[in-house]
Amino acid sequence: MSAAPEFELDEKYNYPVPPPGGWTADDLDRLPNLPRRTELIDGSLVFMSPQTRFHMRTMRLLENSLLEQAPDDFDVFREFSVRLDSRNRLEPDVLVVPTGADTGPNQTFLRPQDVILAVEVVSEESAVRDREIKPRKYTTAGVVHFWRVESGGDGLPVVYVYELDPALNAYTPTGIHHNRLKLDVPFPLEIDLTAINHRRR
């Protein structure tokens, strides 16, 4: 038995048709009626699926913990666009940036040189992008610190930490963290990963 679609598109609905050569990073600011979370990968639009509870709570835990512990000259953004180049504009789940990267209330994206840390929380729908495609894109763009967060068998986040090796131009894994994330870079921090379901610290 084949699965029926859970929704039907209005007959007036039109998918955006890409121009020759694909979309550009600047098109994301001009195209009307795009879903709230839309990324651009190699000139193609990628629409995000609804978030799971694990995904939402993991982002909240990481965002709040990073905000509490980041030095005053760092800031933390959540689900904010990074323009890697003219054909790639990704939206990491959590970002650490210098405070000077904030250029005003109408800003719609960051430059890759402004990204200190990019964090991707893996979901079933985004697994290939988060594990393979995005790390390659961040490496090429020179993003030094990258975390990939997976759901462990107990439903707690497991954080895979990577650092850019400039000699290899590739990410080097520096640790896999269960229950507690304790690091010295990009700044000293400690996060209780078992607190994912806590509303308050």
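First, a word on what this report is: a plain description of the structure on this page. For clarity, every value in this text was computed on a predicted model and none was experimentally measured.

### Some points on the overall build of the protein chain
- Broken down by element type, the protein chain carries two helices and twelve strands.
- Mapped in sequence order, the helices and strands of the protein chain form the string β-β-α-β-β-β-β-β-α-β-β-β-β-β.
- For a compact globule of 201 residues, the expected C-alpha radius of gyration is about 17 Å, and the protein chain comes in at 18 Å, within 12% of that figure.
- Taking all 201 residues of the protein chain together, the buried fraction comes to 44%.

### Points about helix H1 (residues 53-69)
- With 17 residues, H1 should cover 24 Å at 1.5 Å per step; its first-to-last C-alpha distance of 24 Å lies within 8% of that length.
- By the burial criterion, the buried members of H1 are Phe-54, His-55, Thr-58, Met-59, Leu-61, Leu-62, Glu-63, Ser-65 and Leu-66.
- Contact partners of the buried residues in H1: strand E3 (74-78), strand E6 (94-98), strand E7 (117-121), strand E8 (145-151), strand E9 (157-165) and strand E12 (189-192).

### Looking at the packing of aromatic side chains
- Going through the model one piece at a time under the given rule, you end up with six aromatic pairs.
- Relative to Phe-80, the ring of Phe-77 lies with its centre 5.2 Å away and its plane at 75°, an arrangement referred to as edge-to-face.
- On the numbers, 5.6 Å between centres and 20° between planes, the contact of Phe-146 with Tyr-171 is stacked. Here Phe-146, found in strand E8, pairs with Tyr-171, found in strand E10 (residues 170-178); they are 25 residues apart in sequence, far enough to count as distant. Grouping residues by exposure puts Phe-146 and Tyr-171 together as buried.
- An aromatic cluster is built from Tyr-138, Phe-146, Tyr-162 and Tyr-171, whose rings are joined through pairwise contacts.

### Section: the sheet that holds E8
- Strand order in this open sheet of six strands is E3-E6-E7-E8-E9-E10, and the pairing throughout is mixed. Here the strands that pair on one side only, and so sit at the sheet edges, are E3 and E10. Adjacent strand axes in the sheet meet at a mean angle of 20° when their direction is disregarded.
- Here E7 pairs with E8 via five bridges, running parallel. Residue pairing across strands places Glu-120 opposite Arg-148, the latter belonging to E8.
- Contacts from H1 reach E3, E6, E7, E8 and E9, with the element oriented near 165° to E3.

### Side note on the side chain of Asp-130
- Within the secondary structure, Asp-130 sits in helix H2 (residues 127-141).
- At 2.6 Å, the side chain of Asp-130 forms a polar contact with the side chain of Ser-126.
- Apart from residues no more than four positions distant in its own chain, Asp-130 is found in contact with Glu-120, Val-121, Val-122, Ser-123, Pro-135, Phe-146 and Arg-148.

### Structural notes on the environment of Val-143
- Its location among the elements puts Val-143 in the loop between H2 and E8.
- When neighbours within four sequence positions are excluded, Val-143 is seen to be in contact with Pro-112, Val-115, Ala-118, Tyr-138, Leu-164 and Tyr-171.

What counts as what
- Residues numbered from 1 in each chain as written.
- Predicted model: local features only at pLDDT ≥ 70, side-chain atom pairs only at ≥ 80, totals over all residues.
- Heavy atoms only, no water.
- Helix = DSSP H or I, 4+ residues; strand = E, 2+ residues; numbered from the N terminus.
- Rg over C-alpha atoms; globule rule 2.2 N^0.38 Å.
- Buried < 20%, exposed > 50% of the residue type's maximum accessible area, 1.4 Å probe, protein only.
- Expected span 1.5 Å × (residues − 1).
- Contact = heavy atoms within 4.5 Å.
- Phe/Tyr/Trp six-rings, centres within 6.5 Å; stacked < 30°, edge-to-face > 60°.
- Pairing = 2+ DSSP bridges.
- Axes fitted to C-alpha atoms, helices over the stretch in contact; angles between N-to-C directions.
- Polar contact = N/O pair within 3.5 Å; in protein donor to acceptor, adjacent residues only side chain to side chain.

The values reported here are purely geometric and, on their own, carry no functional implication.
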